[in-house]
Amino acid sequence: MMALPGGHHLDSVTLPGQRLHLMQVDSVQRWMEDLKLMTECECMCVLQAKPISLEEDAQGDLILAGGPGPGDPLQLLLKRGWVISTELRRIGQKLAQDRWARVHSMSVRLTCHARSMVSEYSAVSRNSSKEMGQIEKLLMEKCSELSAVTERCLQVENEHVLKSMKACVSETLSMLGQHFGQLLELALTREVQALVRKIDASDNIYTTESTTGNLFSLTQEGAPLCRIIAKEGGVVALFKICRQDTFRCLYPQALRTLASICCVEEGVHQLEKVDGVLCLADILTDDSHSEATRAEAAAVVAQVTSPHLPVTQHLSSFMESMEEIVTALVKLCQEASSGEVFLLASAALANITFFDTMACEMLLQLNAIRVLLEACSDKQRVDTPYTRDQIVTILANMSVLEQCASDIIQENGVQLIMGMLSEKPRSGTPAEVAACERVQQKAAVTLARLSRDPDVAREAVRLSCMSRLIELCRSPSERNSSDAVLVACLAALRRLAGVCPEGLQDSDFQQLVQPRLVDSFLLCSNMEESFV
């Protein structure tokens, strides 16, 4: 994880909607690649940074072995940067444990890595700026200072003296991290600027494809790089591609990159400035575009309307095109040929229902309930808890409308919601378990809201929804010990009990319905794994 100024880190991110991470690398392969960089400097550390042979280029060959190829400054920065960030974190950990021998040896190794990054980048990059030169100098000075002071600490036995020196080492390490972060950000900014200029100037489809691919790879390194790309005109350049017919085959790649950049507020701001929403609406409503292109446009819509980004609430241009976009997304859900296409389109719709309540009324008029419920029986489109999470989110938000209840009953929606209360993970991964919890929670919320209508409540009781809700309340394993699921189930059970109290046993009524909600919650959250 790469540290940048301001407490940010370079880490991999994924799009909302649980989109597949296309750039994942096998962990063993990644470890083997990184090990080459680690062992090089381990050798240098043992030899006190002296070359192995008398040949002038032997040391350089050793440093570059297994690293990025010639002329690849971006990969060089990312790999060396990751290694240095890792070393900084580990030195901090060893310092906290007062393991001075390890702190010193790792400080020497860190100096080797920093020297290698500076020299390698200087060899493959264009002329560096005066500002970069100054920061490089400050970085190397702090590296030398850290090595020297940690070496002195090895000779000190007095605990009080060591304690004062520890504070000095900590301050030096902090300053070194700041200089490294500044240097890395400056270097990455230069490389991003070069990529954006290349996209702007190119009219060659192969050059543009390659450069856009490089830009997408950078977005997978985390939010700090996405901010740099947005700041340096990446959003503008990518929408320029999406507005040229000659680059139609590159639309999916450009849109995928835009979706990644828009995980940060700076990306959404830039999208607003270049009328990006209007461009997305044009793509979504144009049937001449491929399904893949429209799916990637839906992914951008899902990203810019994410409830996790406060800036989306002020996306004024979206309101002007919302009806067109919602209509196109419902159509894309209906015609989706794969689970991923349906997931992206439904995720966009789910986020839009949070974005504005008018969207729910539009969906009702477009018969979206029928489209979504029909899709649930199609395993090709709806086959994961992530997709069902999007569907039940839409249903939960639409259920605030009174007209929604009749549509739900007409399409056998209560039975579908009942099934969602039994959502179970297949793989057991944390992400899938969390998705199943969200499905159960939102299914209970939807049921509670819809049960305002007596017809829905009676249908729910007929389908034994009350029994399932009681089971979820009383058995922690059924809800993966989720408090959110418990609260939602208690609320739904109380709503149903108000309409059909005869469906409850006395013990259930006295423990789950009659007390205050908080008392029932405390009772169930502390309950053992016994269920009668």
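For the structure itself, look to the data block above.
What comes next is a walk through the structure. Remember, it's a predicted structure, so these values are computed and weren't measured experimentally.

What about the overall build of the protein chain?
Thinking step 1. Along the backbone of the protein chain there are 26 helices and two strands.
Thinking step 2. Put simply, the protein chain has 532 residues, and 51% of those count as buried.
Thinking step 3. Sequence separation of 24 or more characterises 74% of the internal contacts of the protein chain that already satisfy a separation of 6 or more.
Thinking step 4. When the accessible surface of the protein chain is split by element, carbon and sulfur atoms take 51% of a total near 24,400 Å².

Quick look at the environment of L372
Thinking step 1. Its location among the elements puts L372 in helix 17 (residues 368-375).
Thinking step 2. The buried category is assigned to L372, whose relative accessible area is 2%.
Thinking step 3. Residues L372 and R388 lie 16 residues apart in sequence; the distance between their C-alpha atoms is 9.6 Å.

Topic: the pattern of salt bridges
Thinking step 1. Counting across every chain of the model gives 21 salt bridges.
Thinking step 2. Put simply, E296 and R256 hold a salt bridge, and the shortest N to O gap is 3.3 Å. Here E296 is found in helix 13 (residues 291-304), whereas its partner R256 is found in helix 10 (residues 251-261), with 40 residues between them in sequence.
Thinking step 3. According to the relative accessible area criterion, E296 is buried, its value standing at 8%.

Considerations on helix 9 (residues 234-241)
Thinking step 1. Across the eight residues of helix 9, six count as buried, placing the element largely inside the fold.
Thinking step 2. Those residues of helix 9 that sit buried are G234, V235, A237, L238, F239 and I241.
Thinking step 3. Where helix 9 is buried, its residues contact helix 6 (159-201), helix 7 (205-219), helix 8 (223-231), helix 10, helix 11 (265-273) and helix 12 (276-285).

Observations concerning the side chain of E432
Thinking step 1. Within the fold, E432 resides in helix 21 (residues 430-450).
Thinking step 2. No salt bridge forms around the buried E432; measuring N to O, its nearest opposite-charge neighbour R426 is 4.3 Å away.
Thinking step 3. At 2.9 Å, the side chain of E432 and the backbone nitrogen of R426 are in polar contact.
Thinking step 4. Here E432 is in contact with P385, Y386, P425, R426 and S427, once residues within four sequence places are set aside.

Points about the nonpolar core
Thinking step 1. Ranked by internal contacts, the top residues of the largest apolar core, which has 155 residues, are L255, L271, V301, F318, I325, L329 and I352.
Thinking step 2. Counting residues per element, this core draws most heavily on helix 6, which supplies 14 residues.

Points about unusual backbone geometry
Thinking step 1. Its identity is not glycine, yet N367 carries a phi of approximately 55°, on the positive side.
Thinking step 2. On the secondary structure map, N367 appears in the loop between helix 16 (358-365) and helix 17.
Thinking step 3. Its relative accessible area of 40% is what places N367 among the partly exposed residues.

Some words on a positive patch on the surface
Thinking step 1. Together, R89, R90, R99 and R102 make up a region of like positive charge exposed at the surface.
Thinking step 2. The residue R89 is located in helix 3 (residues 73-96) in this model.

As for the packing of helix 12 against helix 14 (residues 316-335)
Thinking step 1. Where helix 12 meets helix 14, the axes come as close as 9 Å, and the angle between the chain directions of the two elements is 20°. It follows that helix 12 is roughly parallel to helix 14 by the angle criterion. For the pair helix 12 and helix 14, the sense of crossing is left-handed. On helix 14, the residues that touch V277, L278, A281, L284 and T285 of helix 12 are S317, F318, S321, E324, I325, A328 and L329.
Thinking step 2. Looking at the contact of helix 12 with helix 14, its residues break down into eight nonpolar, three polar and one charged.

Section: a nonpolar patch on the surface
Thinking step 1. A grouping of V28, W31 and M32 is seen on the molecular surface, where their side chains present a nonpolar patch of about 340 Å² in accessible area.
Thinking step 2. You can see W31 is positioned in helix 1 (residues 27-46).
Thinking step 3. By relative accessible area, which is 53% here, W31 ends up exposed.

Describing the environment of L490
Thinking step 1. Along the chain, the position of L490 falls in helix 24 (residues 483-499).
Thinking step 2. Its relative accessible area of 0% is what places L490 among the buried residues.
Thinking step 3. Sequence separation between L490 and S520 is 30 residues; the distance between their C-alpha atoms is 7.9 Å.
Thinking step 4. Leaving out residues up to four positions away in the same chain, L490 has contacts with C473, L512, L517, S520 and F521.

Quick look at the side chain of K442
Thinking step 1. Residue placement: K442 occurs in helix 21.
Thinking step 2. Of the polar contacts made by the side chain of K442, one reaches the side chain of T393; its length is 2.9 Å.

Looking at the environment of V461
Thinking step 1. Looking at the element boundaries, V461 is found in helix 22 (residues 454-462).
Thinking step 2. On the accessibility criterion, V461 (26% relative accessible area) is partly exposed.
Thinking step 3. Counting along the chain gives 41 residues from V461 to E502, while the straight-line C-alpha distance between them is 9.9 Å.
Thinking step 4. The residues contacting V461, other than those within four sequence positions of it, are M466 and C500.

Procedures and definitions
Residues numbered from 1 in each chain as written. Predicted model: local features only at pLDDT ≥ 70, side-chain atom pairs only at ≥ 80, totals over all residues. Heavy atoms only, no water. Helix = DSSP H or I, 4+ residues; strand = E, 2+ residues; numbered from the N terminus. Buried < 20%, exposed > 50% of the residue type's maximum accessible area, 1.4 Å probe, protein only. Contact = heavy atoms within 4.5 Å. Areas by Shrake-Rupley, 256 points an atom, 1.4 Å probe, with all protein chains shown as cover. Salt bridge = Lys/Arg side-chain N within 4 Å of Asp/Glu carboxyl O. Lys, Arg positive; Asp, Glu negative; His and termini not counted. Polar contact = N/O pair within 3.5 Å; in protein donor to acceptor, adjacent residues only side chain to side chain. Core = buried A, V, L, I, M, F, W, Y, C linked by side-chain atoms within 4.5 Å. Patch = residues over 30% accessible without salt bridge, like charges linked within 9 Å, V, L, I, M, F, W, Y side chains within 5 Å. Charge placed at Lys NZ, Arg CZ, Asp CG, Glu CD. Axes fitted to C-alpha atoms, helices over the stretch in contact; angles between N-to-C directions. Parallel < 35°, antiparallel > 145°, perpendicular 65-115°, else oblique. Left-handed = near helix turned anticlockwise from the far one by under 90°. Nonpolar A, V, L, I, M, F, W, Y, C, P; charged D, E, K, R; others polar.

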